[in-house]
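# Residue-level structural notes
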Amino acid sequence: MSNSIFLPNGMEAIQAEYKEFPLEEFNQNPLIQALPPLLDKATIIRKLMVKPIYNDEEKHAESIYRIHMINRLFQLYTPLPVHIDVWNMIHTLILQGYLARNPFDKNYKKYINDSGKEIINRSYEINSRQNFRTTSSCGTFIGFSGMGKTTTINRVLSDIPQVIIHNEYKGIHFNQIQLVWLKLEAPSNSSLKALCLQFFMKVDELLGTNNYKKYVSRNMSVDSMLPLISQVAHNIGLGLLVIDETQNIKKRGAEQIMNFFVYLINTGINLCLIGTPGAYDLFGKELRMTRRLTGNAEIIYNNMQYGNEFTLLLESVWKYQWTRNFVPYNEEFGKVIYEETQGISDLVIKLFVYSQQQAIENGKEELSIDLIKKVAKEKFRLLQPMLNAIRSGNPHKIAKYEDIRKIELEESDIRKSKELKKEEPVKKKKEDKVKATENIEEPKKKGKRKEYKEDDLRYLLQRGNEEEKSPYQVLLEKEFIEDTSKWIEVEGI
């Protein structure tokens, strides 16, 4: 970039260039006006897309080189609808979070100064509410392991300048370093102190500051660090704190870290939390966080279903064939690859790469159904129990693998309906009596029933009822429960 500059520690930053937005509230804040403009969907797709180097002539190269060329497919990134949602979530969090943090706003400046004095005088209270109305919030991106969550976040963040240097704004001296985003990883030992130390070290690494040396001592408590983190974040104009691998947070340290997240949001710092389904319960159990999370941006990314999204990914990959003979894509290939990968994008790419490499090594030089099945059996041997659990659709089996537990988007709606039923028991009884009367008068209406999806447990129980089967029989036939009579037989031996 033409306005790139280098900090004394060698890190690259950009010089602030202020642009006008169509939204008037954005045009009074230098931290917002220095950010890139918002983009339409087509431009976002172009920005996110990564195509590997490919030349049709390369398929005539020696096999040993072509086997290495195929590895370029691991660089491929095909934007899907969910990735557009992530892009918009990240940009919205940053922009909205800065609204209340205008460096030229008197109330905001007073809040920062007062907080700083309290920290110095050691009179700062973590739970106190000062006269500062935050616009910060929290976004979550929860999805299956292997669906490319971290890659997606990195792709989005790579298009946002991380460090911006301000010198003058609208003719007024304005000396400010703006750290637009910072990405940390949740510590595997659930230590909040480790997360705090990681924050200071990362900031120092990026900006060449000495916060770690200045503020952190061996005996410093976490409670002493929290206000310092907030103060440093405001001083450097931190727009978004991204915390990856949140499923690492174990129950024993969860409450303290969740309180930390709530504290940061309340003091004006935006958060984006990324993790596998194992992290979902962690957020759900904290009521204060649930209010924050669901009220803002929550993106759930389960494995892809067989359909347009999966086909789009596979067709975008399919043209990159380094085997001598090009094999056109057809639906049979699509169904087999879906069956072997269950719509997990990382496995789709790996299966396509390994199959081509095998085709070159065995001299067949072309893809085939049998080859793909054989490669999947050999290369995904350790993954078979997990893949079989997904194939079964059996929640009991899937629950063994925390990273692939499917999060049903309708769960909140089901909870709401249960609450409504509890609140209106009298009304429901009256309605049931009316319905019963209607059914007597009009027998034809008796055949009407609520339609559920085929993979819905209620659908199976409904069908079982029609076939005069008990719920136990239905669940047993569909392998949702185990046959207890076998246990009895074993015990009797």
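For the structure itself, look to the data block above.
Throughout what follows, the structure given in this document is the object of discussion. Since the structure is predicted, the reported quantities are computational estimates derived from the model, not experimental observations. (Residues numbered from 1 in each chain as written. Predicted model: local features only at pLDDT ≥ 70, side-chain atom pairs only at ≥ 80, totals over all residues. Heavy atoms only, no water.)

### Focus on unusual backbone geometry
- In the Ramachandran plot, S190 falls in the positive-phi region, its phi being about 60° despite a non-glycine side chain.
- You can see S190 is positioned in the loop between β6 (181-185) and α7 (192-207).
- One non-glycine residue with positive phi stands out, namely E245, at about 55°.
- The residue E245 is located in the loop between β7 (240-244) and α10 (251-266) in this model.
- When its relative accessible area of 25% is taken as the criterion, E245 is described as partly exposed. (Helix = DSSP H or I, 4+ residues; strand = E, 2+ residues; numbered from the N terminus. Buried < 20%, exposed > 50% of the residue type's maximum accessible area, 1.4 Å probe, protein only.)

### Re the side chain of Q176
- Among the secondary structure elements, Q176 is positioned in strand β5 (residues 172-179).
- For Q176, the side chain forms a polar contact with the main-chain oxygen of N235, separated by 2.8 Å.
- Sequence-distant contacts of Q176, defined by excluding residues within four places in its chain, comprise L31, I164, I165, H166, N235, I236 and G237. (Polar contact = N/O pair within 3.5 Å; in protein donor to acceptor, adjacent residues only side chain to side chain. Contact = heavy atoms within 4.5 Å.)

### Comments concerning the sheet that holds β5
- Spatially, β1-β2-β4-β5 is the arrangement adopted by the four strands of the open sheet, whose pairing is mixed. In this open sheet, the two strands that pair with only one neighbour each are β1 (4-6) and β5. In this sheet, neighbouring strand axes are inclined to one another by 30° on average, regardless of whether the strands run parallel or antiparallel.
- Two strands pair when backbone bridges link them, and strand β4 (residues 163-169) and β5 are joined in this way by six bridges, in the antiparallel orientation. Within β5, the position partnered with I164 by the bridge is Q178. (Pairing = 2+ DSSP bridges. Axes fitted to C-alpha atoms, helices over the stretch in contact; angles between N-to-C directions.)

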